Amino acid sequence: MPPLDIARLALLVAHFIGLAALIGPFLLQIRGGSPLRLRLMLIGAVVQVVTGNALIASRRLQGIEVDELKMILKLGIAVATLGLLIAAVIVQRRRGADAGAVRPLFFTAGGFALADVVVAVVWS
Ligand code: HEM
């Protein structure tokens, strides 16, 4: 298999691991109870933005088509997700783990992440 194919497939695997890191902790914590743990979700959001852009680059290098509009939408949603999670972490640090604003930020970020899965799968 050509090295560029291997690199693109490795990036796609990392993209799916990032997806799991982002959405797994969201689903686990929906019911509430204990203070929200956001670090893994934050890492997942960063991984999605980085691997997503690297996937676009590797597809271009190989002459595989890239749906620009779909990618702009996915990137916008992923960056918004990341921003919401950063805001949630900052609020937690400044006002404590149980601050009222943290859960709405957490839910919006999780909803956006799920929306990106839907865009990825439905828009083809
Ligand atoms: C929360 C954020 C994200 C989620 C949940 C997500 C999810 C997915 C899923 C499920 C796939 C496989 C299905 C498919 O091929 O369409 C995929 C592929 C892909 N994603 Fe994402 N994605 C996210 C963010 C991004 C971002 C920010 C970009 C680029 C700016 C991106 C670029 C791509 C590309 C280029 C592929 C196709 C890979 C290939 O088949 O070569 N993704 N993504």
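Our structure's up above, just so we're on the same page.
Residues numbered from 1 in each chain as written. Predicted model: local features only at pLDDT ≥ 70, side-chain atom pairs only at ≥ 80, totals over all residues.

*Asks:* Mind laying out the overall build of the chain, listing which residues take part and the relevant values?
*Replies:* Counting its secondary structure elements, the chain contains four helices and zero strands. The secondary structure elements of the chain, listed N-terminal to C-terminal, are α-α-α-α. Its C-alpha atoms give the chain principal-axis dimensions of roughly 50 × 25 × 25 Å. When the 124 residues of the chain are sorted by exposure, 25% land in the buried category. Contacts in the chain between residues at least 24 apart in sequence constitute 72% of all its contacts with a sequence separation of at least 6. (Helix = DSSP H or I, 4+ residues; strand = E, 2+ residues; numbered from the N terminus. Buried ≥ 20, exposed ≤ 12 C-beta atoms within 10 Å, placed from the backbone. Contact = placed C-beta atoms within 7 Å.)

*Asks:* Kindly report on the site of the ligand, identifying the contributing residues and their values.
*Replies:* Around the ligand, the structure places 22 residues, and the nearest of them are Gly52, Leu55, Ala78, Asp116 and Ala120. Elements with a minimum of two residues in the shell around the ligand: helix H1 (3–29), helix H2 (39–61), helix H3 (68–95) and helix H4 (102–122). Top contributing element to the shell around the ligand by residue count: H2, with seven residues. Taken together, the residues that form the shell around the ligand break down as 13 nonpolar, five polar and four charged. (Near = placed C-beta within 6 Å. Nonpolar A, V, L, I, M, F, W, Y, C, P; charged D, E, K, R; others polar.)

*Asks:* Break down the packing of H3 against H4 for me, citing the residues and quoting the values.
*Replies:* Running from amino to carboxyl end, H3 crosses H4 at an angle of 160 degrees, the nearest separation of the two axes being 9 Å. Accordingly, the angle class assigned to the pair H3 and H4 is roughly antiparallel. By crossing handedness, the relation of H3 to H4 is classed as left-handed. Taken together, the residues of the contact of H3 with H4 break down into 18 nonpolar, three polar and three charged. (Axes fitted to C-alpha atoms, helices over the stretch in contact; angles between N-to-C directions. Parallel < 35°, antiparallel > 145°, perpendicular 65-115°, else oblique. Left-handed = near helix turned anticlockwise from the far one by under 90°.)

*Asks:* Which residues make up the packing of H2 against H3, and what values go with them?
*Replies:* Running from N to C, H2 and H3 point in directions that differ by 155 degrees, and their axes come no closer than 9 Å. Taken together, the axes of H2 and H3 are roughly antiparallel relative to one another. Of the two possible hands of crossing, H2 and H3 adopt the one that is left-handed. Residue-level contacts link Met41, Leu42, Ala45, Val46, Gln48, Val49, Gly52 and Ile56 of H2 to Met71, Lys74, Leu75, Ala78, Val79, Thr81, Leu82, Leu85 and Val89 of H3.

*Asks:* Account for H1, with residues named and values stated.
*Replies:* Taking 1.5 Å per residue, 27 residues should reach 39 Å; H1 reaches 39 Å between its end C-alpha atoms and fits that length. For H1, every residue scored as buried is listed here: Leu11, Gly18, Ala21, Leu22, Pro25 and Phe26. (Expected span 1.5 Å × (residues − 1).)

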